[in-house]
Amino acid sequence: MAKYTKQDIIDLVAEEDVEFIRLQFTDIEGNFKNVAITAGQLEKALGNDCMFDCSLVEGMLPTDNADMYLYPDLDTFTIFPWRPQQGKVARFICDVYRADRTPFEGDCRYILKKAIQRAADMGYTFEVGPECEFFLFNADENGRPTTNTDEQAGFFDMGPLDNGENARRDIVLTLEDMGFDVEASHHEKAPSQHEVDFRYDEALVTADNIMTFKLAVKTIAKRYGLHATFMPKPRKEFCGSGMHINMSLTKNGKNVFHDPDGKNKLSREAYYFMGGLLKHVKGICAVTNPLVNSYKRLKPGFEAPVYIAWSTVGANSLIRIPNIRGKHTRIELRSPDPSANPYLAIASCLVAGLDGIQNKIEPQMEEVRDNINFISEEEAKKRGIEKLPTDLLQACDEMKKDPLLRELIGERVFGQLYDSKIAAWKEYDAQVTAWEIASYLYKI
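Just so you know, these numbers come straight off a predicted model, no measurement behind them.

Analysis parameters
Residues numbered from 1 in each chain as written. Predicted model: local features only at pLDDT ≥ 70, side-chain atom pairs only at ≥ 80, totals over all residues. Heavy atoms only, no water. Helix = DSSP H or I, 4+ residues; strand = E, 2+ residues; numbered from the N terminus. Rg over C-alpha atoms; globule rule 2.2 N^0.38 Å. Contact = heavy atoms within 4.5 Å. Areas by Shrake-Rupley, 256 points an atom, 1.4 Å probe, with all protein chains shown as cover. Lys, Arg positive; Asp, Glu negative; His and termini not counted. Charge placed at Lys NZ, Arg CZ, Asp CG, Glu CD. Buried < 20%, exposed > 50% of the residue type's maximum accessible area, 1.4 Å probe, protein only. Pairing = 2+ DSSP bridges. Salt bridge = Lys/Arg side-chain N within 4 Å of Asp/Glu carboxyl O. Expected span 1.5 Å × (residues − 1). Polar contact = N/O pair within 3.5 Å; in protein donor to acceptor, adjacent residues only side chain to side chain. Phe/Tyr/Trp six-rings, centres within 6.5 Å; stacked < 30°, edge-to-face > 60°. Lys NZ or Arg CZ within 6 Å of the ring centre and 35° of its normal. Axes fitted to C-alpha atoms, helices over the stretch in contact; angles between N-to-C directions. Parallel < 35°, antiparallel > 145°, perpendicular 65-115°, else oblique. Left-handed = near helix turned anticlockwise from the far one by under 90°. Nonpolar A, V, L, I, M, F, W, Y, C, P; charged D, E, K, R; others polar. Patch = residues over 30% accessible without salt bridge, like charges linked within 9 Å, V, L, I, M, F, W, Y side chains within 5 Å. Core = buried A, V, L, I, M, F, W, Y, C linked by side-chain atoms within 4.5 Å.

This part covers the overall build of the chain. Within the chain, the secondary structure is distributed over 14 helices and 15 strands. A compact globule built from 444 residues should have a C-alpha radius of gyration of about 22 Å, and the chain, at 22 Å, falls within 12% of that. For the chain, the spread of C-alpha atoms along the three principal axes comes to 65 × 60 × 45 Å. Considering only residue pairs separated by 6 or more positions, the chain has 71% of its internal contacts joining residues 24 or more positions apart. If you sum the accessible surface of the chain, you get close to 20200 Å²; carbon and sulfur atoms cover 49% of it. Taking the 54 positively charged and 68 negatively charged side chains of the chain as two groups, their mean positions are separated by 4 Å.

A separate point is the pairing of strand E8 (residues 193-198). Of all six residues making up E8, six are buried, and the element is well covered by its neighbours. Of the two faces of E8, the one holding Gln193, Glu195 and Asp197 and the one holding His194, Val196 and Phe198 are both buried throughout. Where strand E6 (residues 125-138) and E8 come together, five bridges link them in antiparallel fashion. Looking at the pairing, Phe135 lines up with Gln193 of E8. Bridge analysis of strand E7 (residues 182-187) against E8 gives five bridges, and the strand direction is antiparallel. Looking at E8, one finds that His186 is bridged to Glu195. From the end of E7 to the start of E8, which pair antiparallel, there are five residues, and Ser192 there has a positive phi angle of about 70°.

Here we take up the pattern of salt bridges. Note on pairing: side chains with opposite charge can pair once their charged atoms come close. For the structure on display, the rule yields 25 salt bridges. Among the ionic pairs, Lys189 bridges to Glu303, the shortest N-O distance being 2.9 Å. In this pair, Lys189 sits in the loop between E7 and E8 while Glu303 sits in the loop between helix H8 (294-297) and strand E13 (310-311), placing the two residues 114 residues apart along the sequence. Lys189 gets classed as partly exposed once you look at its relative accessible area, which sits at 35%.

Looking now at helix H9 (residues 342-358). Taking 1.5 Å as the rise per residue, H9 with 17 residues should run 24 Å; its terminal C-alpha atoms sit 24 Å apart, in good agreement. Sitting at the amino-terminal end of H9 is Asn341, which places a side-chain oxygen 3.0 Å from the backbone nitrogen of Tyr343. Lys360 sits one or two positions beyond H9 and adopts a positive phi of about 50°.

Turning our attention to the packing of aromatic side chains. Counted by the stated rule, this structure contains 18 aromatic pairs. One aromatic cluster is present, formed by Phe134, Phe180, Phe198, Phe213 and Phe230 through successive ring pairs. One cation-aromatic arrangement involves Lys214 over Phe230; the distance from NZ or CZ to the ring centre is 5.6 Å. Lying across the ring of Phe302, Lys233 places its NZ or CZ 3.5 Å from the centre.

On to the side chain of His244. With respect to the helices and strands, the residue His244 is situated in strand E11 (residues 243-251). His244 gets classed as buried once you look at its relative accessible area, which sits at 11%. If near-sequence neighbours (up to four positions away) are discounted, His244 is found in contact with Gly129, Pro130, Glu131, Arg297, Glu332, Leu333, Arg334 and Pro336.

Take the packing of helix H5 (residues 203-223) against H9 next. One way to put it is that H5 packs onto H9 with a least axis distance of 9 Å and a crossing angle of 150°. In terms of orientation, H5 and H9 fall into the roughly antiparallel class. Here H5 runs over H9; the crossing is right-handed. Residues Ala203, Leu204, Thr206, Ala207, Asp208, Ile210 and Met211 of H5 touch H9, and the partners they reach there are Pro342, Tyr343 and Ile346. Across the contact of H5 with H9, the residue classes tally to eight nonpolar, one polar and one charged.

Bringing a nonpolar patch on the surface into the picture now. Judged by side-chain polarity, Val432, Ile437, Leu441 and Tyr442 come together as a nonpolar surface patch covering roughly 480 Å² of accessible area. Relative accessible area serves as the criterion here: at 61%, Val432 is assigned to the exposed category.

Turning our eyes to something else, we now look at the nonpolar core. Ranked by internal contacts, the top residues of the largest apolar core, which has 96 residues, are Phe126, Phe213, Leu249, Phe273 and Ile319. Ranked by the residues each element gives to this core, the list is headed by H9, at eleven residues. Ignoring any residue separated from it by four or fewer positions in sequence, one finds Phe213 in contact with Cys132, Phe134, Leu175, Phe180, Val196, Phe198 and Phe230. Formed by 24 residues, the second largest nonpolar core is a distinct cluster that contains Val18, Met68, Cys94 and Val96.

Our focus in this paragraph is the sheet that holds strand E1 (residues 18-26). Strand order in the open sheet made by the five strands is E2-E1-E5-E4-E3, with mixed pairing throughout. In the strand order of this sheet, the two ends are held by strand E2 (32-38) and strand E3 (50-53), each with one partner. Going across the sheet, the axis of each strand differs from the next one's by a mean of 40°, ignoring polarity. Along the sheet face, helix H1 (residues 6-15) touches E1, strand E4 (67-79) and strand E5 (88-97) and points at about 70° away from the line of E4.

Right, dumping it as structure tokens:
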């Protein structure tokens, strides 16, 4: 059931003294963009009549007509708690439509909606819970971001060891003001690293929430003279930041992954869904781990997965089945990181899992019950365990080999996404780094 009607929005804007409204959308790279309008233009926006030129947005190449409409999703309306109390600022998250009023194929929200509809056609509702990690680093005297921290806190530490405790508390309170149901927050393993977990929800709501979450975290951190970053691996000596994705399917209100009589109390659908994820995980890695920097997180010894394996007991496996059953039975994919476009990442996971169910794909390896990340490559080969891509170039090669993403996002958007990743890799590969200078300049 819809949360708001158009009249509800009009009344709220008047009652709350909202002066500016941001029409937000997400580009293919996962960046929030917006067009700001005044409250006087609200009825025009609610009539889906606000346009913008998508050729000016990175990640949206010009088409035959670059003028696009922004269609506000009324249920995403929220007033930003951090803006002035007079002349407030609100926002909608929008879908992007072409000038002929058809959905724009490059709109990642539309791509996720298509995947959700595919699940609905099979009778399923897809629910997702993210675990979003981030760093709160010091800003310099000019407010510019650094990777500096004086903190030495670790897992679940509290103040005064946890220097970011006050900022994290304010982040949680702000999110709750915006309608989030925050379940937990805590300090993570690395100094200045934090995690905030919000409630499981349907896939589109969760993707919208991830984008809003990142905006709120960055905004509140700035108040405390800190810089919040979702960069996967900002410091080589620290564990990187992940965005574990917890997934479940429901049918007729029941969690289809649970079977009290099944092996590990998991249903056949759970094993098939997992089999699809394991089959396609390399092919979707360029979406779930989209940066050159993403692959510096996926290294042995830093908590992140390296090998393609699953476990009901191993905390560091790629796929983990948390030790809870019944309506909370879920599959956790631990490779994604928070730089990912959440719409594309969630859509990719869903269609991979559905492919597993439709084609009855069993996991191609036995459950791993030891710490898989500390075995040698020789032992992994002996046990038939493959590795995740080790860099963005390899991930792009895997993306081209697997038809799943191409079918999900379409030929044009696939080509655009692939080209942008290859361009980033080539630019990175051409750099002469400080490590190379230190290692070779005085010796060669």
